[in-house]
Amino acid sequence: FPSHDTTPTFTDDSYVHVPLQFGFPFYNRVFTNSWMHSNGIVSFFDPVSPLPGSPSNPAAWAYCCAGVDLVPSNAQLGPQFNYMISALWTDLYPIATSSFRTEGTTTYQRYFWNNIPEISNFNNPNSFSLEIRPSGYIGASYSLLGVRNQDVTAGITGDVALGEMHKFIVTGK
């Protein structure tokens, strides 16, 4: 299968559009587009399209900074957090030695964050990846974890208003 690879350039709290070459079933929907965020998240709604009933979409900046607890009782979780995968959601800050990469075919899509330090300490790099497949498979790999001073969340959300969320890890400072 031909692979579609990109090496996007990120700044602090930024994202890029990553089209999928397959339909990705996630909760009760199927997605053909994704957005890779510099702070360790992949989302499936366009971060700049207005949310239903709202003139804007706070997701353009919603994934800023540290992760949040993925539990239905968390009042911070609005519709901008719908349908996302947080591989390592924390306040990451790309520097000159950081790199981002995507790689995809009709059978998988991979997202790579390489040597991305946490914002408060550039000596604490992080390298990890996320893979999704048309079967609904979601997998994350972590080769270097250096977060010491920020909250971290790893988990998934569907429609947060329906309580569709699962956290794998939440850590405090």
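Up top you'll find the structure we're talking about.
Because the structure is a prediction, the values reported are computed rather than measured.

### What about the sheet that holds strand 6 (residues 99-104)?
For step 1, the next point in the chain: A sheet is described by the order of its strands in space; here five strands give the open sequence 1-6-7-8-9, paired in antiparallel fashion. Lying at the two open borders of the sheet, with one neighbouring strand each, are strand 1 (4-6) and strand 9 (138-144). Sheet twist, expressed as the mean angle between neighbouring strand axes with direction ignored, is 10°.

### A few points about the nonpolar core
For step 1, the next point in the chain: Ranked by internal contacts, the top residues of the largest apolar core, which has 26 residues, are Phe-44, Tyr-111 and Trp-113.
For step 2, the next point in the chain: Among the nonpolar cores identified, the runner-up in size contains ten residues, and Tyr-63, Val-68, Phe-81 and Val-160 belong to it.

### A few points about the pattern of salt bridges
For step 1, the next point in the chain: Enumeration over the complete set of coordinates arrives at five salt bridges.
For step 2, the next point in the chain: Arg-101 serves as the salt-bridge partner of Glu-103, at 2.8 Å between the closest nitrogen and oxygen.
For step 3, the next point in the chain: Note on Arg-101: relative accessible area 28%, which makes it partly exposed.
For step 4, the next point in the chain: We note a salt bridge from Arg-133 to Glu-131, for which the minimum N-O separation is 2.7 Å.
For step 5, the next point in the chain: On the basis of relative accessible area, Glu-131 is assigned to the buried category, the value being 12%.
For step 6, the next point in the chain: Within the structure, one salt-bridge network assembled from shared partners comprises Arg-101, Glu-103, Arg-110, Glu-131 and Arg-133.

What counts and what doesn't
- Residues numbered from 1 in each chain as written.
- Predicted model: local features only at pLDDT ≥ 70, side-chain atom pairs only at ≥ 80, totals over all residues.
- Heavy atoms only, no water.
- Pairing = 2+ DSSP bridges.
- Helix = DSSP H or I, 4+ residues; strand = E, 2+ residues; numbered from the N terminus.
- Axes fitted to C-alpha atoms, helices over the stretch in contact; angles between N-to-C directions.
- Core = buried A, V, L, I, M, F, W, Y, C linked by side-chain atoms within 4.5 Å.
- Buried < 20%, exposed > 50% of the residue type's maximum accessible area, 1.4 Å probe, protein only.
- Salt bridge = Lys/Arg side-chain N within 4 Å of Asp/Glu carboxyl O.

This is a description of form; function is not addressed.
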